[in-house]
Amino acid sequence: MTTLTFDSLNPATGEIVGSHPKHTPDAVHEVVGRAEEAARWWAAIGPDERKRRLLDYKAIITQNLKDLVQLVHEETGKPVGDATLEIVLAITHLDWAARNAYKVLRRRRVSTGMIGLNLAATLEYLPLGVVGVIGPWNYPVFTPMGSIAYALAAGNAVVFKPSEFTPGIGVRLAELFAVAVPEQPVFQTVTGLGETGAALAGDPRVKKVAFTGSTATAKRVMAACAENLTPIVAECGGKDAFIVDADADLAKAADACLWGAMSNAGQTCAGVERVYVVEDVYESFMRELSDRVTKVKAGEDYGPITMPGQVDIIKRHIDDAAKSGKVVAGGPGSVRAPYVDPVIVEDVPEDSPAVREETFGPTITVRRTRDAQEALELANASAYGLGGTVFSRNTHRAMQLARAMRTGMTAINSVISFAGVPALPFGGVGDSGFGRIHGADGLREFTRPKAISRQRFAMPGMNLTSFARGPAELERLIRLVTFLHGRRKR
């Protein structure tokens, strides 16, 4: 029987990078079956051996860094420098997950309280089994590795379905893992289109799905998972805001803003899309931003739009913004597929598509605000809530604004820096999704808590969980509870 295939293309040239099978639902079913057996083996070898194997995998990825960078460059079109940074960050996360999994997930004693004085209690976090990971094309190594590495470190087997735009890098990541772990298919990749991802999400033997992609697609994945009550961690889109306070270092703010908006051609979920600047420094900031943007070139500093269909969305947003706002850089003529030149538009109404919807291109809207509080209110007036940025020299004020941002993450005097800190959880609220990858929360995301209580001795005169319990025991219980909890705080 002939296996159907599809091609991955270099978005900058249209050249074929590779051909890959369209895994059918039956093929996915077989892969998950192998993963089930592998998961039992991987869990049984214990945390020390898993750590050793994962650190070996890290070394193998590092040794193949240049080849992986080239493949990411070819499949996404992003510059070699950006591809290098992406994979280096993935390596640091893999290292952190391997080294910290046991400490985070190990069995520990917990307090039982006075009522449970005769008990001993423990809590530990156990593997789920098979975890399905559905990855994106914009960061085809860093983003899925935030789920893959943490799920593996937690003792699970992983079946990875990469984007149809970047299947080659997904296949290669699994091949390199097999060098470190040849005994069992602990980490496998399936390739294909939407049908393949749906089959993975809908398989009842998959105990959790980690999805990264659009909010609309996340809803479809959730619907497939709902059939089997399969839990899901969803990292969806963003419309991240960048606040410039009156005391900000404007040169550094403009530099960070521009990189956060334009790097990777703006195809970053936690990239900068909306900028709010306090009016006292608005003109000065705009001069800094305008001077810098002239030096940023599509095709040199960043690559093409990877997904062809996104070009139409970017163009629609730019056209609408240009009609209602003031174009500072670029404009409707900036769209020359597959590239989009930098676009900056001022005074775009807050209800316009360029402000409300995720653009996912090298564009930003900029608005002047009375003060930082108004900037915060506008930043929070979004259905999305992934990341954000605050620039201010006042540490206390910056922390206040950062904490009040309705996002999962905020960077202060830097941009997207939280993604590079392995100990910090990554994820959003609202239309940006739920659940967390990275950090201790990311490890626990791919486990099930296991609570155990053990009676150490019988409590004299207080056998409360028995039909032989009498009025005297209840009275003693009431006196104890009154002593412990009956006094009001004044």
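Let's talk about the overall build of the chain
- Scanning the chain from terminus to terminus reveals 16 helices and 22 strands.
- Its C-alpha atoms give the chain a radius of gyration of 26 Å, within 12% of the compact-globule value 23 Å for 490 residues.
- Seen along its three principal axes, the alpha-carbon backbone of the chain occupies a region of about 85 × 75 × 40 Å.
- Burial analysis of the chain (490 residues in total) assigns 52% to the buried set.
- When contacts within the chain are restricted to residue pairs at least 6 apart in sequence, those whose partners lie at least 24 apart make up 72%.
- Surface accessibility of the chain: about 21,800 Å² in total, with carbon and sulfur atoms responsible for 54%.
- For the chain, the centre of its 56 positive side-chain charges and the centre of its 54 negative side-chain charges are spaced 12 Å apart.

Focus on a nonpolar patch on the surface
- Together, M114, L117 and F457 make up an exposed nonpolar region whose accessible area comes to about 270 Å².
- Position of F457 relative to the elements: it lies in the loop between β22 (447–455) and α16 (471–485).
- What makes F457 partly exposed here is its relative accessible area of 34%.

Some points on the packing of helix α2 (residues 46–63) against helix α6 (residues 167–180)
- As a packed pair, α2 and α6 sit with axes 9 Å apart at the nearest point and diverge in direction by 130°. As judged from the angle between their axes, α2 and α6 are oblique. You can see that α2 and α6 cross each other, and the crossing is right-handed. For the pair formed by α2 and α6, the contact residues are R53, L54, D56, Y57, I60 and I61 on the first element and L173, L176, F177, V179 and A180 on the second.
- For the contact of α2 with α6, the residue count by class is 9 nonpolar, no polar and 2 charged.

A word on the pairing of strand β10 (residues 240–244)
- For β10, the tally of buried residues reaches 5 of 5 residues, placing the bulk of the element in the interior.
- Of the two faces of β10, the one carrying D240, F242 and V244 and the one carrying A241 and I243 are both buried.
- Pairing of β10 with strand β11 (residues 272–278) involves 5 bridges; the strand directions are parallel. Bridge pairing in β11 places A241 opposite R274.

Points about a negative patch on the surface
- Negative charge collects at one region of the surface, where E279, D280, D371 and E377 lie side by side.
- The topology assignment puts D280 in the loop between β11 and α10 (282–293).
- For D280, a relative accessible area of 63% corresponds to the exposed category.

Remarks on the sheet that holds strand β15 (residues 343–346)
- Taken in spatial order, the 7 strands of this open sheet run β12-β15-β16-β11-β10-β18-β19, and their pairing is mixed. The outermost strands of the open sheet, each flanked by one partner alone, are β12 (326–329) and β19 (411–412).
- Where β12 and β15 come together, 3 bridges link them in antiparallel fashion. If you follow V327 over to β15, its bridge partner there is V345.
- Of the strands in this sheet, β10, β11, β12, β15 and β16 (363–369) touch α10, which is tilted by about 165° from β16.
- Contacting β10, β11 and β16, helix α13 (residues 372–380) crosses the sheet at an angle of about 160° to β11.

Cut-off values and rules
Residues numbered from 1 in each chain as written. Predicted model: local features only at pLDDT ≥ 70, side-chain atom pairs only at ≥ 80, totals over all residues. Heavy atoms only, no water. Helix = DSSP H or I, 4+ residues; strand = E, 2+ residues; numbered from the N terminus. Rg over C-alpha atoms; globule rule 2.2 N^0.38 Å. Buried < 20%, exposed > 50% of the residue type's maximum accessible area, 1.4 Å probe, protein only. Contact = heavy atoms within 4.5 Å. Areas by Shrake-Rupley, 256 points an atom, 1.4 Å probe, with all protein chains shown as cover. Lys, Arg positive; Asp, Glu negative; His and termini not counted. Charge placed at Lys NZ, Arg CZ, Asp CG, Glu CD. Patch = residues over 30% accessible without salt bridge, like charges linked within 9 Å, V, L, I, M, F, W, Y side chains within 5 Å. Salt bridge = Lys/Arg side-chain N within 4 Å of Asp/Glu carboxyl O. Axes fitted to C-alpha atoms, helices over the stretch in contact; angles between N-to-C directions. Parallel < 35°, antiparallel > 145°, perpendicular 65-115°, else oblique. Left-handed = near helix turned anticlockwise from the far one by under 90°. Nonpolar A, V, L, I, M, F, W, Y, C, P; charged D, E, K, R; others polar. Pairing = 2+ DSSP bridges.

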